[in-house]
Amino acid sequence: MTSLNFYNTLSRSKEPFEPLDASHIRIYACGPTVYDRIHVGNARPVVLFDVLVRLLRHHYDRVTYVRNITDVDDKINARAAEEGVSIRALTEGTTNAFHEDCAALGSARPDVEPRATDHIDDMITMITTLIDKGHAYAAEGHVLFSVTSMADYGQLSRRSLDELIAGARVDVAPFKRDPSDFVLWKPSGEDQPGWDSPWGYGRPGWHIECSAMSAAFLGETFDIHAGGLDLIFPHHENEIAQSRCAHGHDIMAKTWMHNGYVTVDGEKMSKSLGNFTTVADVLADHKGEAIRYALLTAHYRAPLDFSINGVVEAKSALDTLYRAAEGATAAAEPDEHVLAALGDDLNTPNALARLHELARMANKGDDAAKSALKASAELLGLLCEDCSIWFKGDGGDDAAIDAAIAARQTAKANKDFAEADRIRDDLAAEGILLEDSPEGTIWRRK
RNA sequence: GGCCCAGUGGCAGAGUGGUUAUGCAGCGGCCUGCAAAGCCGUGUACAUCGGUUCGAUUCCGGUCUGGGCCUCCA
């Protein structure tokens, strides 16, 4: 079996993947806060970790993939108030939109997709445990995690408390014992979402939901925790603190994987900078699979500069692969080079390069390569559409096109090439491209 | 201020101590009525300055440039 090696942010090095329990692989990824449609930067981890899960499923019989939905957050409250809609309506509508975007990107739903508001009890239980163990304290309606109670706090982001204080750019709440202590629970006003708790009516802090839900579905320790680079600090650092201190283990997740940013002209795509493009915006003019391909062209830890031109190029590359794989039956096993590339810290650019090598072989008549191409592409979540649908689209009345092609055939038979070319040019003007072959003329949409 | 990452051919983007990445675009050829698709061929690319080495784009150090985290963020 091809070995798997992944870069672990905890050790800052590539490590062989050794499951805690090979009979059940457990992976958690941080999901969206549902107050707005996702942008291309948000789509990157959705696609990447979908490939990771596909790879893990290839290697192991049982894989459980959990990705949460954060539906309690102050940004949600603000957006709901701004739009004059209920919080419930906002979060449910945004969640549905998220699912649509994921489907368009060819990313399968995770096995479990818990919503934070369904696990408030778990969070309260965990917070109580942290207080009982001396890792947290209540103050003025808040509950705070005490970072100084944890000897090795900061191991993921490799920051010492001194460094954090030196770089602090925020005002420190007066009730904090240490400036780096972070909120587990905070009080809610009458007009804010809240739940009754031992510390009064309130709502959870940001980090506790992932600690509570990962434990609920994957156990106190699990194999892989994934997310974007920007979650390393403070989110993941604090998840680790909460989970390890509550459960008393040396680790929370064994391997921490973080994807690099999607950039725009070199700068991080982000909501706050305003330089983002939503997935829905791109989907208006481009295929979701082309976005997916574009997101896989760079190594997941490297920055990926997004441009529409990149999506257009991805479409061209996919056209080539679809043509080469047309009519193929997927081989039982993906190509070994593709498996090796993905097993080497999810090297999707190398995997795609191999796909193109297989396509070239297939075009030269190598049916084994053709079958391998199909099977390997599916491991990446590519070439999943029917070739005819990819090129022609589904639905619509194609009779006029067929009639035009027939008329052109007649013209060609009569050696009336001027008329034949006129028909072809007219179709091209409508985005219909013709290809003559010994088996007849086929068409596709540009 | 502290910590961290990156700089590859027209563009995108892997990788390697000495030999073809791959894709998109371009050019030449085959094929074609002409195209398209496909196939074949084609590009003296590795920011810069030193060092180590028989040999460095690949290792080490300096410089320049760009970016990130330290606050919400995938």
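Residues numbered from 1 in each chain as written. Chains lettered and ligands numbered in written order. Predicted model: local features only at pLDDT ≥ 70, side-chain atom pairs only at ≥ 80, totals over all residues.

## Here we look at the overall build of chain A
Turning to step 1, where the next piece is worked out: For chain A, the helix and strand inventory stands at 16 helices and 15 strands.
Turning to step 2, where the next piece is worked out: For chain A, the C-alpha atoms occupy an extent of roughly 90 × 55 × 35 Å along the three principal directions.
Turning to step 3, where the next piece is worked out: The buried share of chain A, taken over its 446 residues, is 41%.
Turning to step 4, where the next piece is worked out: For chain A, contacts bridging at least 24 residues in sequence account for 72% of all contacts bridging at least 6. (Helix = DSSP H or I, 4+ residues; strand = E, 2+ residues; numbered from the N terminus. Buried ≥ 20, exposed ≤ 12 C-beta atoms within 10 Å, placed from the backbone. Contact = placed C-beta atoms within 7 Å.)

## Regarding the confidence of the model for chain A
Turning to step 1, where the next piece is worked out: When pLDDT is averaged across chain A, the result is 93; 97% of the residues are at 70 or more.
Turning to step 2, where the next piece is worked out: The element-level mean pLDDT for chain A is lowest in helix H5 (residues 161-167), coming to 64, with strand S4 (residues 63-67) highest at 98.
Turning to step 3, where the next piece is worked out: Confidence estimates for the predicted assembly give a pTM of 0.96 and an ipTM of 0.95. (pLDDT = per-residue confidence, 0-100.)

## Some details on helix H13 (residues 367-379)
Turning to step 1, where the next piece is worked out: Given a rise of 1.5 Å per residue, 13 residues ought to cover 18 Å, and the 19 Å separating the end C-alpha atoms of H13 matches this to within 8%.
Turning to step 2, where the next piece is worked out: Most of H13 is tucked away, with 10 of its 13 residues classed as buried.
Turning to step 3, where the next piece is worked out: Where H13 is concerned, the buried positions are Ala369, Lys370, Ser371, Ala372, Leu373, Lys374, Ala375, Ser376, Ala377 and Leu379.
Turning to step 4, where the next piece is worked out: Phi turns positive one or two residues past the end of H13, at Gly381, with a value near 75°. (Expected span 1.5 Å × (residues − 1).)

## Thoughts on the environment of Leu296
Turning to step 1, where the next piece is worked out: Secondary-structure assignment places Leu296 in helix H9 (residues 288-296).
Turning to step 2, where the next piece is worked out: Using a count of 23 C-beta atoms within 10 Å as the deciding quantity, one classes Leu296 as buried.
Turning to step 3, where the next piece is worked out: Once the C-alpha coordinates of Leu296 and Glu92 are considered, the two residues, 204 residues apart in sequence, prove to be 29 Å apart.
Turning to step 4, where the next piece is worked out: Contacts of Leu296, omitting those with residues within four sequence positions, involve Val47, Thr348, Leu352 and Leu380.

## Re the sheet that holds strand S8 (residues 202-204)
Turning to step 1, where the next piece is worked out: The strand order across the open sheet formed by 4 strands is S5-S6-S7-S8, and the pairing between neighbours is antiparallel. On the outer flanks of this sheet lie strand S5 (136-139) and S8, each paired with one strand and no other. Across the sheet, the mean angle separating the axes of adjacent strands is 20° when strand polarity is ignored.
Turning to step 2, where the next piece is worked out: Note: strand S7 (residues 182-187) against S8, 3 bridges, orientation antiparallel. Paired with Lys186 across the two strands is Arg203, which belongs to S8. (Pairing = 2+ DSSP bridges. Axes fitted to C-alpha atoms, helices over the stretch in contact; angles between N-to-C directions.)

## A closer look at the domain arrangement of chain A
Turning to step 1, where the next piece is worked out: Along its sequence, chain A is carved into domain 1 (5-259), domain 2 (263-391) and domain 3 (396-445).
Turning to step 2, where the next piece is worked out: For domain 1 versus domain 3, the distance between C-alpha centres works out to 56 Å. (Domains from an automatic or database assignment.)

## Considering the nonpolar core
Turning to step 1, where the next piece is worked out: Grouped together as the largest cluster of nonpolar side chains are 112 residues, with contacts concentrated most on Ile27, Ile127 and Leu373.
Turning to step 2, where the next piece is worked out: Counting residues per element, this core draws most heavily on helix H1 (residues 40-59), at 11 residues.
Turning to step 3, where the next piece is worked out: Each of domain 1 (5-259) and domain 2 (263-391) gives at least three residues to this core. (Core = buried A, V, L, I, M, F, W, Y, C linked by C-beta atoms within 7 Å.)

## Some details on the sheet that holds strand S10 (residues 253-259)
Turning to step 1, where the next piece is worked out: With parallel pairing, the 4 strands of this open sheet are ordered in space as S4-S3-S9-S10. Unpaired on one side and paired on the other, S4 and S10 mark the two borders of the sheet. Ignoring strand direction, the axes of neighbouring strands in this sheet form an average angle of 20°.
Turning to step 2, where the next piece is worked out: Inspection of the sheet shows strand S9 (residues 222-228) paired to S10 by 6 bridges, in the parallel sense. Across the sheet, the residue bridging to Ile224 is Thr255, located in S10.
Turning to step 3, where the next piece is worked out: Seen against the sheet, H1 touches strand S3 (25-29), S4, S9 and S10 and runs at an angle of roughly 180° to S3.
Turning to step 4, where the next piece is worked out: With respect to the sheet, helix H6 (residues 208-218) is in contact with S3, S4 and S9, its orientation differing from that of S4 by roughly 155°.

## Re the environment of Ala406
Turning to step 1, where the next piece is worked out: Position of Ala406 among the secondary structure elements: in helix H15 (residues 399-413).
Turning to step 2, where the next piece is worked out: Sequence spacing of Ala406 and Val143 is 263 residues, and the spatial spacing of their C-alpha atoms is 76 Å.

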